[in-house]
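A structural walkthrough
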Amino acid sequence: MSDLDTPQAGDDRAMDDDVVALLMRQHGDIRNLFDEVEASQGEERRDAFRRLVRLLAVHETAEEEVVHPYARRNLAGGEQVVEDRLAEERAAKETLAALDDADTDDPTFMPRLMKLRTEVQEHARAEERYEFTHIRRSADPGQLATMAKAVKAAESMAPTRPHPGVESGAANIAVGPVAALMDRTRDTVRKTMGEGG
Ligand SMILES: [Fe+2]
Ligand SMILES: [Fe+2]
């Protein structure tokens, strides 16, 4: 893990008010989950991987629904910045879809996971550099807070910590296909954005 991409973690209040702080904390959570998958085995690895898949799906969907549209409309050169980010997200999603029902004990699992990790990491770095810093400069506090609220609503669909009784529970592992989770996330985000006006 490089310290170049260490998120500037704020306190929880900052994350309620600032979509950039919140998304950067999620980038950190994603990195930690990759570490957790790498460091574990068997059932524990399976559980950590399910949480990683879930958070990735929810995170990318929330970005697509909330921050990319804002960046497209409001940043100088925003169209191109967002097109580049969407291309990276598509590539990572394809790798993710291919891994989604992978056997985490299979010898091919770790090399494929590392490929995904590299893609996700480079993408996150590009977002932070070309998109997030500019959003923070251009959005007013109300916009940052409204976007944060929608991303928080999405996040509630992706617990990052293991559930108690993980060894017994099919419920926490059977999240269904990634595509279905993305659909549900999209609905939740749109509803929240709609309420916020
Ligand atoms: Fe993204
Ligand atoms: Fe991201």
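As the structure is a computational prediction, the values presented were derived from the model and not from experiment. (Residues numbered from 1 in each chain as written. Chains lettered and ligands numbered in written order. Predicted model: local features only at pLDDT ≥ 70, side-chain atom pairs only at ≥ 80, totals over all residues.)

**Quick word on the overall build of the protein chain**
When you go through the protein chain residue by residue, the secondary structure sums to 7 helices and 0 strands. Along the protein chain, helices (α) and strands (β) appear in the sequence α-α-α-α-α-α-α when read from the amino end. A buried classification covers 35% of the 197 residues belonging to the protein chain. Contacts spanning at least 24 positions in sequence make up 75% of the contacts within the protein chain whose residues lie at least 6 apart. (Helix = DSSP H or I, 4+ residues; strand = E, 2+ residues; numbered from the N terminus. Buried ≥ 20, exposed ≤ 12 C-beta atoms within 10 Å, placed from the backbone. Contact = placed C-beta atoms within 7 Å.)

**Details of the packing of helix α2 (residues 19–39) against helix α5 (residues 109–138)**
With their axes 11 Å apart at the nearest point, α2 and α5 run at an angle of 165 degrees to one another. Here α2 is positioned roughly antiparallel relative to α5, judged by the angle of their axes. Crossing of α2 against α5: the hand is left-handed. Contacts between α2 and α5 involve Val20, Leu23, Met24, His27, Ile30, Phe34 and Val37 on the former and, on the latter, Leu113, Arg117, Val120, Ala124, Glu128, Phe132, Ile135 and Arg136. Each residue belonging to the contact of α2 with α5 can be placed in one class, and the counts come to 11 nonpolar, 1 polar and 3 charged. (Axes fitted to C-alpha atoms, helices over the stretch in contact; angles between N-to-C directions. Parallel < 35°, antiparallel > 145°, perpendicular 65-115°, else oblique. Left-handed = near helix turned anticlockwise from the far one by under 90°. Nonpolar A, V, L, I, M, F, W, Y, C, P; charged D, E, K, R; others polar.)

**Description of the packing of α2 against helix α6 (residues 141–155)**
In the contact formed by α2 and α6, the axes pass within 8 Å of each other and the chain directions differ by 35 degrees. Contact residues: α2 offers Val19, Val20, Leu22 and Leu23, while α6 offers Leu144, Met147, Ala148, Val151 and Lys152. Of the residues in the contact of α2 with α6, the class split is 8 nonpolar, no polar and 1 charged.

**Notes on α5**
An ideal rise of 1.5 Å per residue puts 44 Å on 30 residues; α5 measures up with 41 Å between its terminal C-alpha atoms. Along α5, the helix axis deviates most sharply at glutamate 128, where the bend reaches about 40 degrees. Looking only at α5, the buried set comprises Leu113, Leu116, Arg117, Val120, His123, Ala124, Glu127, Glu131, Phe132 and Ile135. For α5, the secondary structure elements touched by its buried residues are α2, α3 (42–74) and α4 (78–99). (Expected span 1.5 Å × (residues − 1). Bend = angle between axes of the 7 residues up to and from the residue.)

**Observations regarding the confidence of the model for the protein chain**
Detailed reading of the predicted model is not advised wherever pLDDT is low. Summary statistics for the protein chain give a mean pLDDT of 86 and a share of 85% for residues scoring 70 or more. Taken element by element, the protein chain is modelled with least confidence in helix α1 (residues 12–17), mean pLDDT 74, and with most confidence in α2, mean pLDDT 97. Low pLDDT (under 50) marks residues 1–10, which in the prediction has 15 contacts with non-local residues, meaning those over four places away or in another chain. For residues 166–174, every residue scores under 50 in pLDDT, and the model assigns this stretch 7 contacts once sequence neighbours within four places are set aside. (pLDDT = per-residue confidence, 0-100.)

**Here's the deal with the environment of threonine 192**
With respect to the helices, strands and loops of the structure, threonine 192 is situated in helix α7 (residues 178–196). Of the residues examined, threonine 192 has 20 C-beta atoms within 10 Å and is grouped as buried. Excluding its chain neighbours within four sequence positions, the residues that come into contact with threonine 192 are Lys149, Ala150 and Ala153.

**Describing the nonpolar core**
Counting residues in hydrophobic clusters, the biggest one holds 44 residues, and the most contacted among them are Val19, Leu52, Val66, Met147 and Val151. Where this core is concerned, the elements lending two or more residues are α2, α3, α4, α5, α6 and α7. Looking at this core, the element that brings in the most residues is α3, giving 13 residues. Look past the residues within four positions of valine 66 in its chain and what remains in contact with it is Val19, Met147, Ala150, Val151 and Val189. (Core = buried A, V, L, I, M, F, W, Y, C linked by C-beta atoms within 7 Å.)

**Here's the deal with α4**
The first and last C-alpha atoms of α4 sit 31 Å apart over 22 residues, in line with the 32 Å expected at 1.5 Å per residue. The set of residues buried in α4 consists of Gly78, Val81, Val82, Arg85, Glu89 and Ala92. Burial along α4 is one-sided: seen end-on, the buried residues are contained in an arc of 95 degrees. Of the residues in α4, the exposed ones pointing more than 90 degrees away from the buried face are Glu79, Gln80, Glu83, Ala87, Arg90, Glu94 and Ala98. On its buried face, α4 is in contact with α3 and α5. (Arc of directions from axis to C-beta.)

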